[in-house]
Amino acid sequence: MESSSVFGVRLPLKQRYFLLLCIAAGAIITYHKFTRKYPVEIKRMSRVAGLTANTSQFTLEGKPFRILGGSIHYFRVPRAYWQDRLMKLKSCGLNTLTTYVPWNLHEPEQGVFNFEDQLDLEAFLHLASSLGLWVILRPGPYICAEWDLGGLPSWLLRDRNMKLRTTYQGFTDAVNAFFDQLIKKVVPHQFSKGGPIIAVQVENEYGSYAKDKEYMPFIKEALLSRGITELLMTSDNKEGLKLGGVKGALETINFQKLNLNDIKYLDEIQPQRPKMVMEYWSGWFDLWGNLHHVYTAEDMIPVVTEILVMDLSINLYMFHGGTNFGFMNGAFAVGIPAPKPMVTSYDYDAPLSEAGDYTSKYHLLRNVFSHYHIHPLPELPPLRERRAYQPAVVQQHLSLWDILHFTDKPLKSEKPINMENLPVNNNNGQSYGYTLYETIITRGGLLNSKNNIRDRALVFVDKIFVGVLDYKTQELALPDGKGRRTLGLLVENCGRVNYGQTLDEQRKGLVGDIELNKEVLRDFIIHSLDMKPGFLNRIENSGHWKSMREQQSFPTFFQAKLYVNGSPKDTFIKLPGWSKGVIFINGKNLGRYWSIGPQQTLYVPGPWLHRGDNQVLLFEEQETDGKVLFTTTPDYGMAVDV
């Protein structure tokens with residue numbers, strides 16, 4: 001009998017085959033265990049047919065298919081955590097990822113495009129594919145999303161005649177230029193090309209805007225002409241369904257509370273087509289000065305269960321909300337006297353928390369979705385450790401009045417000029433942050449904003465704070481004094497409205513005249529304070545910083561150091577002794593804080609920290625106790641049911 005050597009031992013041929021068979025079987029078992037725990041890339045080479053909606057049920061590759069989706073926005077999640085969040089989505093029993101595309105981040109200046117690092121959409125799509133997730137892409141150009149101007153770039157508003165979300169040529173030219181760059185990156189990731197994208201949404205909730213009948217056909221054609229071949233969809237609430245559709249796209253519905261009449265209406269306008277809830281609102285957003293919204297699992301789970309029993313497809317908006325880092329929060333203006341800005345956190349009371357934690361909603365939903373899978377769901381990825389670091393003590397300060405020479409060259413102007421029309425950023429205007437307007441006055445009296453402040457102004461006379469002007473307070477008494485004095489208005493763009501009929505009116509700064517004793521003020525010096533990285537580097541490296549023993553003059557920049565011993569972990573910043581401002585860590589803008597709440601902590605992703613000393617920079621408008629605290633637990637404020 002023939003024999004052979006295995007691992008150095010000579011064995012008969014039959015025993016050798018048996019041993020190899022055992023090794024192969026063991027490898028297969030190990031592979032299955034591994035792929036359950038860590039799903040590997042699924043090679044989808046045999047593409048029969050993409051997602052179709054020709055009958056009452058979706059089909060994918062010719063087989064019945066139900067979309068179980070969840071929204072995660074790559075631009076609201078640190079790139080280092082994309083994989084963690086997507087694996088948690090898959091482990092919850094979802095098969096489809098939905099994401100918006102924020103035009104304002106991808107084209108910050110007209111003709112200047114950014115698809116790198118945190119904005120690498122192709123990497124995000126590739127990651128989804130490697131984890132076996134399908135994708136519904138929602139490229140806008142308008143996305144709502146509780147995001148500044150609904151994702152539209154502010155430089156569009158430099159055109160005084162701009163009509164956003166219409167076929168006004170200034171808008172369509174800009175959309176075409178953006179889509180020329182965006183869609184060519186998206187096309188290779190479509191199902192028909194072997195990628196994960198099974199559907200693309202045409203605009204977003206246009207039925208609630210509906211200012212131009214030609215607009216939706218224009219956007220549809222802009223997608224098709226650039227090579228989009230997958231199923232097209234639209235997305236609207238019940239009222240918006242009447243005006244938001246476009247021929248050739250499947251209409252879907254958005255809601256939180258289930259109304260059977262709404263489903264019936266969707267069926268009536270699209271008989272014998274699949275029904276889908278594109279946005280099932282898993283929670284709600286928060287506004288500064290209001291309470292923190294929660295939507296309880298006890299209210300949510302029965303609705304999701306019923307939606308599935310009715311054989312509808314569903315997408316959870318949001319599955320994981322993330323954070324409005326920087327100045328990117330939107331504002332709400334529907335049915336209230338004046339706009340209210342959104343908070344920095346976009347936790348949304350979603351199934352996966354802002355920091356990626358499982359919630360009771362997550363576990364209950366996972367149980368519901370598990371009934372719609374033949375195979376057991378993947379194991380839950382482990383939670384990430386957090387740390388409450390030792391307080392960072394503020395060491396130095398630098399007054400706003402001492403750093404103005406670090407800003408771009410100030411503009412002299414007879415009349416006030418709004419942010420967007422300032423000649424900064426290569427003539428793209430100022431998008432975000434603060435703008436300081438200064439003029440000379442020769443007496444005190446009544447200052448009247450004429451409701452031309454967008455959105456909130458700290459008022460100074462010779463650098464002494466005298467009060468705040470905003471939508472609510474439009475008049476302020478200025479103290480009497482002798483001679484020429486400098487009146488300063490530090491105006492903050494608190495976030496542009498992202499939904500409703502007022503998008504064209506979202507210019508910020510001083511948008512018109514202000515009066516002192518009923519006389520129009522003229523001859524301004526205007527400083528742009530958009531707090532971009534270049535500006536922050538200049539002030540951080542300046543030799544003008546003062547010790548905390550020296551008197552502070554607000555508004556002020558403060559420097560502190562956070563020491564990290566060992567591997568950096570996620571944490572939350574808490575600022576109980578501070579009033580209002582913005583915080584940066586290692587040059588990254590974590591967002592705004594404001595003592596009026598509801599939000600009382602800011603999320604700090606571990607990957608944005610490093611071992612040793614981390615630079616903490618705060619811009620504080622009015623007061624401080626000099627301490628930056630850290631906690632492992634977020635505080636979103638007093639809660640109220642949605």
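Since the model is a prediction, treat every value here as computed from it, not as a measurement. (Residues numbered from 1 in each chain as written. Predicted model: local features only at pLDDT ≥ 70, side-chain atom pairs only at ≥ 80, totals over all residues. Heavy atoms only, no water.)

Topic: the overall build of the protein chain
Looking only at helices and strands, the protein chain features 10 helices and 37 strands. For the protein chain, whose C-alpha radius of gyration is 27 Å, the value lies close to the compact-globule estimate of 26 Å for 642 residues. By principal-axis analysis of the C-alpha atoms, the protein chain measures approximately 115 × 60 × 45 Å. Counting contacts in the protein chain only where the partners sit at least 6 residues apart, residues at least 24 apart contribute 78% of the total. Put simply, the protein chain shows about 26400 Å² of open surface, and 52% of that area lies on carbon and sulfur atoms. Each charge sign in the protein chain was given a centre, from 70 positive and 67 negative side chains, and these centres are 4 Å apart. (Helix = DSSP H or I, 4+ residues; strand = E, 2+ residues; numbered from the N terminus. Rg over C-alpha atoms; globule rule 2.2 N^0.38 Å. Contact = heavy atoms within 4.5 Å. Areas by Shrake-Rupley, 256 points an atom, 1.4 Å probe, with all protein chains shown as cover. Lys, Arg positive; Asp, Glu negative; His and termini not counted. Charge placed at Lys NZ, Arg CZ, Asp CG, Glu CD.)

A short note on the confidence of the model for the protein chain
Residues at a pLDDT of 70 or more form 93% of the protein chain, whose mean pLDDT is 93. Predicted confidence for residues 1-45 stays below pLDDT 50, and this span has 45 contacts to residues more than four positions away or in other chains. (pLDDT = per-residue confidence, 0-100.)

Digging into the pattern of salt bridges
Opposite charge on two side chains lets them pair, provided their charged atoms get close. According to the stated counting rule, one finds 28 salt bridges in the structure shown. Of the charged contacts in the structure, one is a salt bridge between E279 and R138, with a shortest N-O distance of 2.8 Å. Placement of the pair is E279 in strand β11 (residues 276-281) and R138 in strand β7 (residues 134-138), with a sequence separation of 141 residues. R138 shares its class with E279; the two are buried. In this structure, R496 engages E420 in a salt bridge whose closest nitrogen and oxygen atoms are separated by 2.7 Å. Here R496, found in the loop between β24 (485-492) and β25 (509-510), pairs with E420, found in the loop between β17 (411-413) and β18 (434-441); they are 76 residues apart in sequence, far enough to count as distant. (Salt bridge = Lys/Arg side-chain N within 4 Å of Asp/Glu carboxyl O. Buried < 20%, exposed > 50% of the residue type's maximum accessible area, 1.4 Å probe, protein only.)

Some thoughts on the sheet that holds strand β27 (residues 519-520)
Taken in spatial order, the 4 strands of this open sheet run β23-β19-β26-β27, and their pairing is antiparallel. Lying at the two open borders of the sheet, with one neighbouring strand each, are β23 (475-478) and β27. (Pairing = 2+ DSSP bridges.)

Remarks on helix α8 (residues 297-309)
If you check α8, its first and last C-alpha atoms are 18 Å apart, about what 13 residues at 1.5 Å a residue would give, namely 18 Å. Of the residues flanking the end of α8, it is D311, one or two places downstream, whose phi is positive at about 70°. (Expected span 1.5 Å × (residues − 1).)

Topic: the packing of aromatic side chains
Applying the stated rule across the entire model yields 34 aromatic pairs. Between the aromatic rings of F255 and Y280, the centroid separation amounts to 6.2 Å while the plane-to-plane angle is 80°, which identifies the pairing as edge-to-face. Within this pair, whereas F255 is found in strand β10 (residues 250-255), its partner Y280 is found in strand β11, the two being separated by 25 residues in sequence. Given the relative accessible area of 0%, Y280 is considered buried. Ring geometry for Y358 against Y362: centres 4.6 Å apart, planes inclined by 55°, an arrangement best described as tilted. For the pair Y358 and Y362, a shared accessibility class is recorded, and that class is buried. By way of ring pairs, the aromatic residues W103, W155, F171, F178, F179, Y206, Y209 and Y215 are connected into one cluster. (Phe/Tyr/Trp six-rings, centres within 6.5 Å; stacked < 30°, edge-to-face > 60°.)

Thoughts on the environment of F75
Tracing the backbone through its elements, the reader meets F75 in the loop between β5 (68-72) and α2 (82-91). Counting along the chain gives 46 residues from F75 to L121, while the straight-line C-alpha distance between them is 9.0 Å. With residues up to four places along the chain from it excluded, the contact list for F75 reads T99, Y100, P102, L105, Q118, L119, I143 and W147.

Notes on the packing of α8 against helix α9 (residues 360-370)
Running from N to C, α8 and α9 cross one another at 20°; their axes reach a closest spacing of 10 Å. Classified by the angle their axes make, α8 and α9 are roughly parallel. For the pair α8 and α9, the crossing hand works out as right-handed. Contacts from A297, M300, I301, V304, T305 and L308 in α8 reach S360, K361, L364, L365, V368 and F369 in α9. Among the residues making up the contact of α8 with α9, the classes are represented as 9 nonpolar, 2 polar and 1 charged. (Axes fitted to C-alpha atoms, helices over the stretch in contact; angles between N-to-C directions. Parallel < 35°, antiparallel > 145°, perpendicular 65-115°, else oblique. Left-handed = near helix turned anticlockwise from the far one by under 90°. Nonpolar A, V, L, I, M, F, W, Y, C, P; charged D, E, K, R; others polar.)

Here's the deal with the nonpolar core
With 151 residues, the main nonpolar core has Y280, I314 and F369 as its most contacted residues. With 8 residues, helix α5 (residues 169-186) is the single largest residue contributor to this core. Discounting chain neighbours no more than four positions away, the residues touching Y280 are F255, Q256, Y295, M300, V303, V304, I307, I314, N315, L316 and Y317. In this structure, L422, L487, V491 and F524 belong to the second largest nonpolar core, which totals 21 residues. (Core = buried A, V, L, I, M, F, W, Y, C linked by side-chain atoms within 4.5 Å.)

As for the sheet that holds strand β6 (residues 96-100)
Strand order in the closed barrel formed by 8 strands is β5-β6-β7-β8-β9-β10-β11-β13, with parallel pairing between adjacent strands. Between one strand axis and the next, the sheet turns through 30° on average, direction left out of account. For β7 and strand β8 (residues 197-201), the ladder comprises 3 bridges, and the chain directions are parallel. In the strand pairing of β8, L137 is matched with V200. Against the sheet, helix α7 (residues 260-269) touches β10 and β11, its axis set at about 170° to β10.

Section: unusual backbone geometry
With an omega of 20°, the peptide bond running from G140 to P141 counts as cis. Note on placement: P141 falls in the loop between β7 and α5. In this model, Y317 is joined to M318 through a cis peptide bond whose omega is -5°. We note that A210 has phi near 45°; this positive angle belongs to a residue other than glycine. The phi dihedral of N517 falls on the positive side, at around 55°, and the residue is not glycine. Of note, N517 is situated in the loop between β26 (515-516) and β27.

Structural notes on the packing of α2 against helix α4 (residues 121-130)
Here α2 crosses α4 at 40°, and the two axes come no closer than 10 Å. On the basis of the axis angle, α2 is oblique to α4. Crossing hand, α2 versus α4: right-handed. Each of W82, Q83 and L86 in α2 lies in contact with α4, whose residues at this interface are A123, F124, L127 and A128. Its residues placed into classes, the contact of α2 with α4 shows 6 nonpolar, 1 polar and no charged.

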